[in-house]
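Observations on the three-dimensional arrangement
Read off the chains here:
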Amino acid sequence: CVLNLAEPGLTDDRLSHALTHAPAGSLVLLEDVDSAFQKDRDPTDRRSSFATFSGLLNALDGVAAGEERLLFMTTNHIERLDPAMIRPGRVDVIHEVGDATPHQMRTLYLNFFPDQPQLADAFADALSGSSVSMALLQ
């Protein structure tokens, strides 16, 4: 399940309902949690989400929180997250997805051009030592 915290009209009640009623054994993805609660949002804009940070924390592990789900959160700026969001017990594992390795670069190249292993090697060699994400390569 993908839950968009920027969904227009999302309220704390709807957020709690969505997480509580996620099917048992489901994977729930919350993307870009660092940008979910912007201070400069217009409260009269019907295209805005009205979910609050407190509402998210309660939906994650409050008294009425759902169970039997695996929750993934992504962020581009972990340093912007409130410590309450990533405290032990709420977040069990933090894994940084770093830059692409030469092996990943080569493999990705071969996904698009499977008959070009020499060019895949040249591609990976040319980018070796560069700071390049998998998203950028795609």
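Scroll up to find the structure.
In this text, all values refer to a predicted model and were calculated from it rather than measured experimentally. (Residues numbered from 1 in each chain as written. Predicted model: local features only at pLDDT ≥ 70, side-chain atom pairs only at ≥ 80, totals over all residues. Heavy atoms only, no water.)

Digging into the overall build of the protein
Across its full length, the protein carries 5 helices and 3 strands. Listed N to C, the secondary structure of the protein is β-α-β-α-β-α-α-α in terms of helices and strands. The globule rule puts the C-alpha radius of gyration for 138 residues at 14 Å, and the 19 Å found for the protein is more than 25% above it. For the protein, the C-alpha atoms occupy an extent of roughly 55 × 35 × 25 Å along the three principal directions. Taking all 138 residues of the protein together, the buried fraction comes to 25%. (Helix = DSSP H or I, 4+ residues; strand = E, 2+ residues; numbered from the N terminus. Rg over C-alpha atoms; globule rule 2.2 N^0.38 Å. Buried < 20%, exposed > 50% of the residue type's maximum accessible area, 1.4 Å probe, protein only.)

Side note on the packing of aromatic side chains
Summed over all chains, the structure comprises 2 aromatic pairs. Taking 5.0 Å as the distance between ring centres and 40 degrees as the angle between the ring planes, the aromatic pair formed by Y109 and F113 counts as tilted. Judged by relative accessible area, which is 44%, F113 ranks as partly exposed. A centroid spacing of 5.1 Å and a plane angle of 35 degrees characterise the contact between Y109 and F123, whose relative ring orientation is tilted. Separated by 14 residues along the polypeptide, Y109 in helix α3 (residues 102-112) and F123 in helix α4 (residues 117-127) bring together distant segments of the chain. Residue F123 is classed as partly exposed on the basis of its relative accessible area of 26%. Members of the aromatic cluster, connected to one another through ring pairs, are Y109, F113 and F123. (Phe/Tyr/Trp six-rings, centres within 6.5 Å; stacked < 30°, edge-to-face > 60°.)

Let's talk about the packing of helix α1 (residues 12-20) against helix α2 (residues 53-61)
Packed helix pairs are characterised by how far apart their axes lie and by the angle those axes make with each other. α2 packs onto α1 with a crossing angle of 20 degrees between their chain directions and a minimal axis gap of 9 Å. Considering the angle they form, α1 stands roughly parallel to α2. Judged by the twist between their axes, the crossing of α1 over α2 is right-handed. Of α2, the residues touching α1 (which contributes D12, L15, S16 and L19) are G55, L56, A59 and L60. For the contact of α1 with α2, the per-class residue count stands at 5 nonpolar, 2 polar and 1 charged. (Axes fitted to C-alpha atoms, helices over the stretch in contact; angles between N-to-C directions. Parallel < 35°, antiparallel > 145°, perpendicular 65-115°, else oblique. Left-handed = near helix turned anticlockwise from the far one by under 90°. Contact = heavy atoms within 4.5 Å. Nonpolar A, V, L, I, M, F, W, Y, C, P; charged D, E, K, R; others polar.)

Points about the nonpolar core
The biggest cluster of nonpolar side chains holds 17 residues, and the ones touching the most others in it are L5, L15, L19, L30, L56 and L60. Going through the elements one at a time, α1, β2 (26-30) and α2 are the ones with two or more residues in this core. Top contributing element to this core by residue count: α2, with 4 residues. Apart from the residues lying within four places of it in its own chain, the contact partners of L5 are L10, L15, L30, V33, A36, S49 and L56. (Core = buried A, V, L, I, M, F, W, Y, C linked by side-chain atoms within 4.5 Å.)

Points about unusual backbone geometry
Of note, the phi angle at D32 is positive, near 50 degrees, even though the residue is not glycine. Its place among the elements puts D32 in the loop between β2 and α2. A residue is classified by how much of its surface remains accessible, and D32, at 34% relative accessible area, is partly exposed. Despite not being glycine, E68 shows a phi value in the positive range, around 60 degrees. The exposure class of E68 is exposed, given its relative accessible area of 60%.

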